[in-house]
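Structure at a glance
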Amino acid sequence: MQLAYLQQEQARHGVAGVGAINQTASASYDSVAAEANVRVGHAFQLVDVTLTPFVSAEARVMHVDAYTETGAGVFNLTVDSDTITQAEVGPGVRIERTLSTGETWEVAGSFDAAYSYVLGDHSPTSQATLLGRSITSTRVDLGRHVATLGTELALLNARSGLTTTLRYEGRFRANALSHSLAGDLSIPF
């Protein structure tokens, strides 16, 4: 489960419809998000590889506070608050292998490949006010199909229990890419 608090800033340069007036409208606003996920699978030991097919599901909700732009005078937008709710489900597979074993150290690697389908708010709209008139803005249309690729390399010390892990995950969908790199160091005491 994850909780997040975001402070966001945005700017619109050369506000459309203003002609020769080169103004920038900007705004700051807060968002709160929560996400929970579960992954269920079964490991099959093959010769020197462990193969784990799995099914994963996650749910997320994000609330974006209302805001009013400044800097463009009468062309500032006032945007209503919004809540986005989604779920994501799909199958995947994890392949794990011990790459090297020494007297005290072991190096293990894994690779994940998964597909998921996004349910819920897809390309949400926001209500805004411009020049005293209500308008509807639509966000970028993100694809509902998501491909996730990940890899992990772990270095384990049997004597001390020290574990060092380096992970990469890439998520790919229409109009959105996400890459993350993480490292862990675990020292028992």
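Located above this text is the structure these notes cover.
Read on for a plain summary of the structure. These numbers were taken from a predicted model, which means no experiment stands behind them.

1. Points about the environment of His145
- In this fold, His145 is placed in strand 11 (residues 145-157).
- For His145, a relative accessible area of 49% corresponds to the partly exposed category.
- As a C-alpha pair, His145 and Thr98 span 47 residues in sequence and 32 Å in three-dimensional space.
- Not counting residues up to four positions away in its chain, the partners in contact with His145 are Tyr115, Ser116, Tyr117, Phe172 and Arg173.

2. Some points on the nonpolar core
- Within the largest apolar cluster, 7 residues are counted, these being Ala27, Tyr29, Val64, Tyr67, Leu77, Val79 and Ala128.
- In contact with Tyr29, not counting residues within four places along its chain, are Leu6, Gln7, Gln8, Gln10, Val64, Asp65 and Tyr67.

3. As for unusual backbone geometry
- Not every positive phi belongs to a glycine, and Leu131 is a case in point at roughly 55°.
- Structurally, Leu131 can be placed in the loop between strand 9 (125-130) and strand 10 (133-138).
- Given a relative accessible area of 54%, Leu131 falls into the exposed group.
- In this structure, Asn175 takes a positive phi of about 65° despite not being glycine.
- Within the secondary structure, Asn175 is located in the loop between strand 12 (163-173) and strand 13 (176-186).
- By relative accessible area, which is 58% here, Asn175 ends up exposed.

4. Focus on the pattern of salt bridges
- Counted according to the given criterion, the structure contains 11 salt bridges.
- Residues Glu58 and Arg60 are paired through a salt bridge, measuring 2.6 Å at the closest nitrogen-oxygen approach.
- A residue is classified by how much of its surface remains accessible, and Glu58, at 18% relative accessible area, is buried.
- Judged by its relative accessible area of 17%, Arg60 falls in the buried class.
- Because the salt bridges share partners, they merge into one network encompassing Arg39, Arg94, Glu96, Asp112, Glu152, Arg167 and Asp184.

5. Some details on the pairing of strand 7 (residues 82-101)
- Sheet topology note: the strand 4 (residues 49-64)/strand 7 ladder contains 15 bridges and is antiparallel. Bridge pairing links Arg60 to Gln86 in strand 7.
- In terms of strand pairing, strand 7 meets strand 8 (residues 105-120) through 13 bridges, oriented antiparallel. Considered in strand 8, the bridge of Thr101 is made with Glu106.
- The hairpin turn running from strand 7 into strand 8, its antiparallel successor, is 3 residues long.

6. Comments concerning the sheet that holds strand 10
- Taken in spatial order, the 4 strands line up as 5-6-9-10 in an open sheet, and their pairing is antiparallel. Two strands bound the open sheet, and with one partner strand each, they are strand 5 (67-68) and strand 10.

7. Focus on the environment of Glu103
- Tracing the backbone shows Glu103 in the loop between strand 7 and strand 8.
- Between the alpha carbons of Glu103 and Val47 there is a distance of 22 Å; along the sequence they are 56 residues apart.

8. Some remarks on the packing of aromatic side chains
- Per the stated rule, a full pass over the model turns up 1 aromatic pair.
- Considering the side-chain rings of Tyr29 and Tyr67, the 4.3 Å spacing of their centres and the 15° angle between planes classify their relative orientation as stacked. In this pair, Tyr29 sits in strand 2 (residues 24-41) while Tyr67 sits in strand 5, placing the two residues 38 residues apart along the sequence.
- Exposure remark for Tyr67: the relative accessible area of 13% places this residue in the buried category.

Conventions adopted
- Residues numbered from 1 in each chain as written.
- Predicted model: local features only at pLDDT ≥ 70, side-chain atom pairs only at ≥ 80, totals over all residues.
- Heavy atoms only, no water.
- Helix = DSSP H or I, 4+ residues; strand = E, 2+ residues; numbered from the N terminus.
- Buried < 20%, exposed > 50% of the residue type's maximum accessible area, 1.4 Å probe, protein only.
- Contact = heavy atoms within 4.5 Å.
- Core = buried A, V, L, I, M, F, W, Y, C linked by side-chain atoms within 4.5 Å.
- Salt bridge = Lys/Arg side-chain N within 4 Å of Asp/Glu carboxyl O.
- Pairing = 2+ DSSP bridges.
- Phe/Tyr/Trp six-rings, centres within 6.5 Å; stacked < 30°, edge-to-face > 60°.

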